[in-house]
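Examination of the molecular architecture
Chain by chain, the residues run as shown.
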Amino acid sequence: MSENVRVRFAPSPTGRLHIGGARTALFNWAYARRHGGKFILRVEDTDRERSTAEFESAILEGMSWLGMDWDEGPVVGGDFGPYRQSERLEAHLEVAEELEKGGHAYRCFCTSERLGELREKQIATKQTAAYDRKCTALTQDEVTHNLAAGLPSVLRFRVPEGETKFTDEIRGDVSFSNKEVDDWIMLRADGSPTYNFVVVCDDSAMKITHVIRGEEHLTNTPKQVLLYRALGLEAPSFAHLPLILGTDKKKLSKRTGDTALDDYRERGFPPEAVMNFLCLQGWALDGETEVFSIDQLAKNFAFSAVSKGGSVFDLQKFLWLAGEYTQKGELEALVERAKPFMVSAGLMTQAELSERGEWLKAAIGSVQERVRIYSEIPEQLAYLFATDAEVVYDEKAVKNAKKRGVDAMSNYFEWVRPRLESSSTPAELREETRTWIGENGFKFPDLFQPLRCALTGAAGGPDLFDVMELLGPESSLARIQHGLSRLVDSE
Ligand code: GLU
């Protein structure tokens, strides 16, 4: 059976890709890869008003960014296309007709006023709000007559009595009383099909073996299982993934965090970290390993390690995980990924990126161990681009510097100036400076605290000789000189 695994991700291009959707895609992809099956991408664009081509391409791009490929779907094609739901309408209507002929679906001519009143009455008498099946009493002649007279109608599914059971790969046995399942609408009055109807048409036509999707769809599943039965088809296996919860323990919403994948991309989270973190929302590799690659996911993904309960989205952990990738990855790759962030922060132009490639590499190398997401790189390097007279001093840096006074820095300036102006590079002065401090009766912080403030404006950061190397002798000396007056004056 394993070679036959066919799973699908079925996004609606009515908005940006939600991180929960991205996780659903990853788990589907991983399940297909683990079992040597096929991963299908189907665009559910039946909401013609809200679906756009831009959202569709952004979703596809987001999936590729995370490292997923698909075997069938838009762009790549396949034997079970078309892969856009809106292009499959004819097939949907054929299935609807078959169900209507077989008595599994019926025309309903009830007006929205009648349905509204019915609902109000049911709510008032504390009954489950459901359609009362008035139109099932219509004879075939009455239906034909109404249709010929142009009366608007919908097509409803006739839910049989009893119970609907299915086994969820994650939750085990699930059962719903059919009384809870309303005679739901398959075709709207304008003839357009609804989600629960087309999803079954397409999943069965595309020979999907496992439907892996978010828990919010669990209540749709009995409707779909009943539809498979009515069509005389075997339903696929279902796996409903736990919700991703916000810190308020409710479904993650914009209020408790960024919900669109692109928000994290734009903030400079490494795609490998996003993939890794999303998988940790409800799945564990072995209960211990937190940092893993997409290949490890593909080799190890199993429903048995997916949790039933919702997982809380912890941004601090996400940032930590991002740092694991940023800090431990290759510097060259980090530089490439950081470049657009240097440009969008207004620190460098495209031309400067190539002219000062080696310098940029050294600059990013100096902060690599301290950054987690790419947007932190321009933040941490901004001091290098400041005017020497206007380096922004932060409060803590000034406090640390003032505690030491400028005595050591003032003497050091006299000593270091001729050296920097002649041939010494800052790096060469590292050891000599340490000797100079001792010989002049100072302690290291007496020099380094004010010097750090003068050069960078911050209380912590890279090695100061690396900083001077990046600034160059001229700028380093100018900053020390400005520091000597600024740290004595009112600041
Ligand atoms: N288009 C549906 C959604 O985006 C798909 C649900 C499903 O996987 O069945 O929620």
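Here, every reference points to the structure presented above.
Residues numbered from 1 in each chain as written. Predicted model: local features only at pLDDT ≥ 70, side-chain atom pairs only at ≥ 80, totals over all residues. Heavy atoms only, no water.

Describing the site of the ligand
Lining the immediate surroundings of the ligand are Arg 8, Ala 10, Ser 12, Glu 44, Tyr 195, Val 199, Arg 213 and His 217. Measuring from an oxygen atom of the ligand, one finds a side-chain N or O atom of Arg 8 at 2.7 Å. Between the ligand and the protein, one listed contact pairs an oxygen atom with a side-chain N or O atom of Arg 213 at 2.8 Å. Protein contact buries 79% of the 290 Å² of open area that the ligand shows by itself. (Near = heavy atom within 4 Å. Polar contact = N/O pair within 3.5 Å; in protein donor to acceptor, adjacent residues only side chain to side chain. Areas by Shrake-Rupley, 256 points an atom, 1.4 Å probe, with all protein chains shown as cover.)

Describing the environment of Val 143
Structurally, the position occupied by Val 143 is in helix 5 (residues 140–148). For Val 143, a relative accessible area of 10% translates into the label buried. Between the alpha carbons of Val 143 and Cys 108 there is a distance of 8.8 Å; along the sequence they are 35 residues apart. (Helix = DSSP H or I, 4+ residues; strand = E, 2+ residues; numbered from the N terminus. Buried < 20%, exposed > 50% of the residue type's maximum accessible area, 1.4 Å probe, protein only.)

Here we look at the pairing of strand 1 (residues 6–9)
Residue alternation in strand 1 divides its side chains into two sets, Arg 6 and Arg 8 and Val 7 and Phe 9, and both sets are buried. With four bridges joining them, strand 1 and strand 2 (residues 38–41) adopt parallel strand pairing. By the bridge assignment, Arg 6 is partnered in strand 2 with Lys 38. Note that the unit made of strand 1, helix 1 (residues 19–34) and strand 2 has a crossover that is right-handed. (Pairing = 2+ DSSP bridges. Right-handed = clockwise from strand over helix to strand, strands pointing away.)

Some words on helix 1
Residue pairs three or four apart in sequence face the same way in an α-helix, which turns once every 3.6 residues. For helix 1, spanning 16 residues, the distance from its first C-alpha to its last is 22 Å, which sits close to the expected 22 Å at 1.5 Å a residue. Among the 16 residues in helix 1, 14 count as buried, and that is most of the element. Looking one or two places after helix 1, you find Gly 36, whose phi comes out positive at around 60°. (Expected span 1.5 Å × (residues − 1).)

Examining the packing of helix 6 (residues 195–205) against helix 7 (residues 221–230)
Geometrically, a packed helix pair is captured by the angle between its two axes and the distance between the axes. Running from N to C, helix 6 and helix 7 point in directions that differ by 55°, and their axes come no closer than 10 Å. The angle between helix 6 and helix 7 falls in the class oblique. When you trace helix 6 past helix 7, the crossing you get is right-handed. Residue-level contacts link Tyr 195, Asn 196, Phe 197, Val 199, Val 200, Asp 203 and Ser 204 of helix 6 to Lys 223, Gln 224, Leu 227 and Tyr 228 of helix 7. For the contact of helix 6 with helix 7, the per-class residue count stands at six nonpolar, three polar and two charged. (Axes fitted to C-alpha atoms, helices over the stretch in contact; angles between N-to-C directions. Parallel < 35°, antiparallel > 145°, perpendicular 65-115°, else oblique. Left-handed = near helix turned anticlockwise from the far one by under 90°. Contact = heavy atoms within 4.5 Å. Nonpolar A, V, L, I, M, F, W, Y, C, P; charged D, E, K, R; others polar.)

Here's the deal with the pattern of salt bridges
As enumerated under the stated definition, the model contains 32 salt bridges in all. For Asp 71, the salt bridge goes to Arg 33, with nearest N and O atoms at 3.1 Å. One end of the pair, Asp 71, is in the loop between helix 2 (53–66) and helix 3 (89–101); the other, Arg 33, is in helix 1, and 38 residues separate them in sequence. Put simply, Arg 114 and Asp 132 hold a salt bridge, and the shortest N to O gap is 2.4 Å. (Salt bridge = Lys/Arg side-chain N within 4 Å of Asp/Glu carboxyl O.)

Some details on the packing of aromatic side chains
Summed over all chains, the structure comprises 23 aromatic pairs. Seen in terms of ring centroids, Phe 277 and Phe 313 are 5.2 Å apart; in terms of plane orientation they differ by 85°. Their pairing is edge-to-face. Linking Phe 277 in helix 9 (residues 271–280) with Phe 313 in the loop between strand 11 (311–312) and helix 11 (315–328), this pair joins segments that are 36 residues apart in sequence. Take Phe 277: its relative accessible area is 1%, and that puts it in the buried class. Look at Phe 448 and Phe 465: their rings are 6.2 Å apart centre to centre, the planes differ by 90°, and that puts the pair in the edge-to-face class. Remark: Phe 465 occurs in helix 20 (residues 464–471) and Phe 448 occurs in helix 19 (residues 444–456); sequence separation between them is 17 residues. By the burial criterion, Phe 448 is buried, and Phe 465 matches it. Through a chain of ring-to-ring contacts, the aromatic side chains of Phe 27, Tyr 31, Trp 283, Phe 292, Phe 301 and Phe 303 assemble into a single cluster. (Phe/Tyr/Trp six-rings, centres within 6.5 Å; stacked < 30°, edge-to-face > 60°.)

Structural notes on the sheet that holds strand 7 (residues 185–187)
Taken in spatial order, the three strands line up as 3-4-7 in an open sheet, and their pairing is antiparallel. With partners counted over all chains shown, the strands left at the sheet margins are strand 3 (105–108) and strand 7, one partner each. In this sheet, adjacent strand axes meet at a mean angle of 45° when their direction is disregarded. For strand 3 and strand 4 (residues 154–157), the ladder comprises four bridges, and the chain directions are antiparallel.

Some details on unusual backbone geometry
Residue Pro 82 follows Gly 81 across a cis peptide bond; omega there is 0°. At Lys 126, a residue that is not glycine, the phi angle is positive and equals roughly 55°. Take Lys 126: its relative accessible area is 78%, and that puts it in the exposed class. The residue Lys 249 is not glycine, and still its phi comes out positive at about 65°. Structurally, the position occupied by Lys 249 is in the loop between strand 10 (244–245) and helix 8 (261–266).

Topic: the environment of Gly 309
Turning to its location among the elements, Gly 309 is positioned in the loop between helix 10 (294–300) and strand 11. Overall, Gly 309 belongs to the partly exposed group, its relative accessible area being 39%. Along the sequence, Gly 309 and Arg 479 sit 170 residues apart, while their C-alpha atoms lie 56 Å from each other.

Quick word on the environment of Ser 175
Along the chain, the position of Ser 175 falls in strand 6 (residues 172–177). On a C-alpha basis, the gap between Ser 175 and Pro 222 in space is 8.1 Å, while along the polypeptide they are 47 residues apart. Residues in contact with Ser 175, not counting those within four places in the same chain, are Glu 163, Thr 164 and Lys 165. A polar contact is formed between the side chain of Ser 175 and the side chain of Glu 163, at a distance of 3.2 Å.

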